[in-house]
Amino acid sequence: MSYMMSYIWRTMGRFRKSSSCPDVEDKPFLKALSEKFIYVITAFNLAYPITPWKFKLSCMPPNTTYDFLLPAGISKNTSNLSGHYEAVVETKLNSSGTYLSNLSSKTTFHCCFWSEEDKNCSVHADNIEGKAFVSTVNSLVFQQIGANWNIQCWMKEDLKLFICYMESLFKSPFKNYDLKVHLLYLLLEVLEESPLLPQKSNFQIVQCNCSVHECCECHVPVPTVKINYTLLMYLKITSGGVIFHSPPMSVQPINVVKPDPPLGLCMKITDTGNLKISWSSPTLVPFQLQYQVKYSENSTKNMRKADEIVSATSLLVDSVLPGSSYEVQVRSKRLDGPGIWSDWSTPLTFTTQDVIYFPPKILTTVGSNVSFHCIYKNENKIVSSKKIVWWMNLAEKIPQSQYDVVGDHVSKVTFPNLNATKPRGKFTYDAVYCCNEHECHHRYAELYVIDVNINISCETDGYLTKMTCRWSPSAIQSLVGSTLQLRYHRSSLYCSDVPSIHPISEPKDCHLQRDGFYECLFQPIFLLSGYTMWIRINHSLGSLDSPPTCVIPDSVVKPLPPSSVKAEITVKIGLLKISWEKPVFPENNLQFQIRYGLSGKEVQWKVFEVYDAKLKSASFLVPDLCAVYAVQVRCKRLDGLGYWSNWSTPAYTVVTDIKVPIRGPEFWRIINEDNTKKERNVTLLWKPLMKNDSLCSVRRYVVKHHTSLNGTWSEDVGNHTKFTFLWTEQAHSVTVLAINSIGASSANFNLTFSWPMSKVNIVQSLSAYPLNSSCVILSWMISPSDYNLMHFILEWKILHEDNEIKWLRISSSVKKYYVHDHFIPIEKYQFSLYPIFMEGVGKPKIIDSFTQDDEKHQHDAGLYVIVPIIISSSILLLGTLLISHQRMKKLFWEDVPNPKNCSWAQGLNFQKRMDIL
């Protein structure tokens, strides 16, 4: 809109009314106006300081006596004081046509700034002689006949953008003229005191955004680091072909910061029964803010409005009653310096309920004491506190001993030494009801009682570089909506005697593991510092802390397992020897645990303690020297602090020969006689030597011979278990030796073959009684002998078959022996019993069949089973007969009359037999 053109057209209207020839006079003027713009030039040697509030820009044509500007009816009084002129507004406007006819396109329009706080504005101009002067003019002149704009400038809260907002107060009838506004600015670190301003070419220019409503907004980007600089600027306004230049303006952006409206406006009833109005600042600013809070209250008993300024982000309103309605708005401004009030926040309305609980919800820990207050409103009437009763979950009336009367309308109940809340379905709290004697409102307070005794265990690794802490949230999983956080405080050295929660603490990130535990890592660590830590439970109802625990990393070390673990069975000594190397860290003395067991899928471990920190090996007796043993070692600080290390990687013994074999193999012979040649071939048979006897292997067997003629010689038979030789002399002794890597067996069995001894017969009888298909009982009788009886050899085989002969060595003191084998009932067996003397093998007793009275022996053996069965059956049969006898007696005698009760039966003998003819 063209403000000055509107002014000119109004002036021209007045001119037409006073002129006798308006058509002749005004055409040249309009033609000149259409060909050239009228330039409005403002002297701006002095900068106007921008204020935090709105100010005005006004422009009008010059006149030394200001006749053109003075409204009609206002007297003129001009005085010259020290080169300054002050004009008083006249009551009558001088409408001389000479003035308009003399108005040229280069006419200078004077503009000035002024505000409601300062009604005068300064106009700078040059007189005819070229000397500068300043006129101080009453702002009423500009208001009534000049072009006027409302202006306000501010710095956004983000401290990155400076904004100037313009609104036109001069209503022009010409809507077709475009309004264009440019703002020219310059950021100066220090504003020079020289009256000369910087050249216009140094100014940067931004185009302002103007709307159809003649409002403009100019944006100047200001770096955050330069918000304390001085911003020098002026406005260039183009409207309807007229160009206005404002006087220069200056401002420090930091002094005109306009915060954003406060956010998060909230109202709630506090634990003390007050209404708490709270909010938050939207962003951080480099200074403190003050807040203006306006609110209104509407209740059945009271209606009030209030406006308060506070520096905190909350305000308490007392005397809150049930059924009241509150409406609140908040705005903010810099506290300790100049600034601009923000816009008002969006209004927030809050209505209190008919029953007010304060606090409405309580979150507390096991063993604590808590209290609830309530105000009860029933049918627009507040109930007396003496008539209020309390219930828990509407199932349990709380004793009156726990009540307190706080005021006429406020009742209080206290719960001492609380236990943990037991979840009831989806409800994880206890409902506390405040009731009017026998009537309860549906609203209730919520009580959450949590067990916060959370065990935190920490462990320092064997390299002493990190500490891992673990804890389980299982105790507080019922508190829905809660978050858990480990917090800690590190002291410079060690822990205090009684750990306490320090006011300065740090959070620690913990991660949930698959086993349900949270795990937190401290790295790096200070070994001798005390880490006091606790779990903070954050909830919308508040925060709870678990009992603190203090940990010194050096006291919870889990060492690395011992290294270089070796296990062996010592040669010739036969002990299990275990050796190891202690870990490098920690440097404390260590104790060790050793476990060993036979290697297999499920090792049965035997554990031993070693408390001598200097030892690096230990030896143990083991029952089987030829078995593979698995061995592991772990360690822990000798003073008991810290943890046992993990078990070392298993080490295994290797089966090797430990000693010479304990004895040679037991052996027997098969003699094949050749009557034609009168020779006997003797075949020796033996069983492979077991590991426990060979210790632990047999590389070969050696048969050692001894005869009276040929002396002694040996024959190596390798790993074979059968050897045949020719028996030609009257007596031939043989011994079978077992050889391993250490040497030959020390104890061996000898067998002497002697022609004379083969005729010595001391076995008088031999009987074989088959017990079942897997066992045969043999018994024998022997006669006295002058020879030294060493033992017996019992051999058996299926008769008339060339099956392998089976044999056993039996002690000389045994007279009956149970032979366990698979005996076929339809086969006949041959049993032979050989007495073995030191002088040779005696004559055997041979039987080809089982003894004839075997059935008797079998029957005798079966009697042990059959007799108890017969006795049990007899007792059972006897009991059955007795019961049957009683039942039969009752059946047959049930209808016989009692002589005492029947007259006709008296004198009859029912036990005497009567023959029926």
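Residues numbered from 1 in each chain as written. Predicted model: local features only at pLDDT ≥ 70, side-chain atom pairs only at ≥ 80, totals over all residues. Heavy atoms only, no water.

Filter applied, for reference: UniProt positions are given in the numbering used here, feature names are shortened, and annotations may be inferred rather than shown by experiment.
As annotated in an unreviewed UniProt entry, the protein chain carries the name Leptin receptor and is attributed to Balaenoptera acutorostrata. As stated in UniProt under Sequence similarities (unreviewed entry), the record for the protein chain gives "Belongs to the type I cytokine receptor family. Type 2 subfamily."

1. A few points about the pairing of strand β36 (residues 430-436)
Applicable threshold: For the exposure calls, accessible area comes from a 1.4 Å probe over protein chains only, and a residue counts as buried if that area is under 20% of its type's maximum, exposed if over 50%, partly exposed in between. By the criteria applied, helices consist of DSSP H or I runs no shorter than four residues and strands consist of E runs no shorter than two, each listed in order from the N terminus. Pairs of strands are assigned from DSSP output, requiring at least two bridges between the strands.
For β36, the tally of buried residues reaches 7 of 7 residues, placing the bulk of the element in the interior. Side chains Asp430, Val432, Cys434 and Asn436 project from β36 onto one buried face, and the interleaved Ala431, Tyr433 and Cys435 project onto a second face that is buried too. The sheet contact formed by β36 and strand β38 (residues 445-450) spans 3 bridges and is antiparallel. Within the sheet, the bridge partner assigned to Asp430 lies in β38 and is Leu447. Bridge analysis of β36 against strand β37 (residues 439-440) gives 2 bridges, and the strand direction is antiparallel. For Asn436, the partnering residue across the bridge sits in β37 and is Glu439. In this structure, the hairpin formed by β36 and β37 is closed by a connection of 2 residues, where Glu437 is found at a positive phi of approximately 50 degrees.

2. Regarding the packing of aromatic side chains
Note the threshold: Working definition: rings of Phe, Tyr and Trp (its six-membered ring) pair if their centres are within 6.5 Å, and the pair is stacked with planes under 30 degrees apart, edge-to-face with planes over 60 apart, and tilted otherwise.
For the coordinates displayed, the defined rule picks out 30 aromatic pairs. When the ring of Tyr433 is compared with that of Tyr444, the centres are 5.3 Å apart and the planes differ by 50 degrees; the resulting orientation is tilted. Residue Tyr433 is located in strand β36, and its partner Tyr444 is located in the loop between β37 and β38; the two are separated by 11 residues in the primary sequence. Since its relative accessible area comes to 10%, Tyr433 is described here as buried. You can call Tyr444 partly exposed: its relative accessible area is 25%. Aromatic side chains Tyr596 and Phe608 sit 5.6 Å apart centroid to centroid with 5 degrees between the ring planes, which places their arrangement in the stacked category. Taken together, the residues span a long stretch of sequence, with Tyr596 in strand β50 (residues 590-598) and Phe608 in strand β51 (residues 606-610) at a distance of 12 residues.

3. Things to note about the confidence of the model for the protein chain
To keep things clear, this is the line we draw: Note on scores: pLDDT gives the predictor's confidence for each residue, bounded by 0 and 100. In what follows, a contact means two residues having at least one pair of non-hydrogen atoms within 4.5 Å.
Counting all residues, the mean pLDDT for the protein chain is 80, and 79% of those residues have values of 70 or more. Low pLDDT, under 50, characterises residues 1-45; the predicted model gives this stretch 105 contacts beyond four residues in sequence or across chains. Taken as a whole, residues 123-145 scores under 50 in pLDDT and shows 63 contacts with residues more than four places along the chain or in a different chain.

4. Brief notes about the sheet that holds strand β21 (residues 263-269)
Rule in force here: Axis definition: a line fit to C-alpha positions, over the contact stretch in the case of helices; interaxial angles, taken between N-to-C directions, run 0 to 180 degrees.
Ordered in space as β21-β22-β25, the 3 strands form an open sheet in which the pairing is antiparallel. Both outer strands of the open sheet, β21 and β25 (314-317), are each paired with one neighbouring strand and no more. Taking the axes of each pair of neighbouring strands and ignoring which way they run, one obtains an average angle of 15 degrees across the sheet. Bridge count between strand β22 (residues 275-280) and β25: 4 bridges; the pairing is antiparallel. Paired with Ile277 across the bridge in β25 is Leu315.

5. A closer look at the layout of surface pockets
Definition in use: Lining residues are those with an atom within 4 Å of a point, where the points come from a 1 Å grid over the protein atoms alone and group into cavities, where a 1.4 Å probe fits but cannot get out, or pockets, open sets with protein on both sides within 12 Å along at least five of seven lines. Grid points are joined across faces, edges and corners, and a volume is the space filled by probe spheres set on the points. Throughout this entry, Asp, Glu, Lys and Arg are counted as charged residues, while Ala, Val, Leu, Ile, Met, Phe, Trp, Tyr, Cys and Pro are counted as nonpolar. The remaining residues, Gly among them, count as polar.
Of the voids in this model, the largest pocket is the one considered here, and its volume is about 530 Å³. Residue lining of the largest pocket: 20 residues in total, with Lys268, Ile269, Pro359, Pro360 and Lys361 positioned closest to the centre. If you list the elements that add at least two residues to the lining of the largest pocket, you get β21, β27 (348-351), β28 (355-358) and β29 (361-365). Of the residues assigned to the lining of the largest pocket, the class counts are 10 nonpolar, 6 polar and 4 charged.

6. Let's talk about the environment of Ile798
The residue Ile798 is located in strand β64 (residues 789-798) in this model. Exposure remark for Ile798: the relative accessible area of 14% places this residue in the buried category. When the C-alpha atoms of Ile798 and Tyr829 are compared, they prove to be 4.4 Å apart, with 31 residues separating the residues in sequence. Not counting residues within four places of it along the chain, the set of residues in contact with Ile798 comprises Asn803, Glu827, Lys828 and Tyr829.

7. Points about the side chain of His705
Test applied: Side-chain atoms alone can form a polar contact between residues adjacent in sequence; in general such a contact is a pair of N or O atoms within 3.5 Å, and within protein one must be able to donate a hydrogen while the other accepts it.
Within the fold, His705 resides in strand β57 (residues 700-707). At 2.7 Å, the side chain of His705 forms a polar contact with the side chain of Glu715.

8. Details of a nonpolar patch on the surface
Put simply, the rule reads: Two joining distances apply to patches: 9 Å for like charges and 5 Å for nonpolar side chains (Val, Leu, Ile, Met, Phe, Trp, Tyr), and every residue must have over 30% relative accessible area and no salt bridge. Computed with a 1.4 Å probe, the accessible areas rest on the Shrake-Rupley method; for each residue, only the protein chains presented here act as cover. We define a salt bridge as a side-chain nitrogen of Lys or Arg found within 4 Å of a carboxyl oxygen belonging to Asp or Glu.
Taken together, Leu493, Tyr494 and Leu528 make up a surface patch of nonpolar side chains, about 280 Å² in accessible area. By the element assignment, Leu528 lies in the loop between β44 (518-522) and β45 (531-539).

9. Concerning the state of the cysteines
Note the cut-off: Cysteine sulfur atoms that come within 2.5 Å of each other are treated as a disulfide pair.
This structure, assessed with the given rule, holds 9 disulfides. Covalently, Cys153 is tied to Cys164 through a disulfide, its sulfur atoms 2.0 Å apart. The disulfide joining Cys153 to Cys164 has a torsion of about 110 degrees about its S-S bond and is therefore right-handed. Pair noted here: Cys153 is in strand β11 (residues 147-156) and Cys164 is in strand β12 (residues 161-168), with a separation of 11 residues, a long-range link. Judged by relative accessible area, Cys164 falls into the buried class, the value being 2%.

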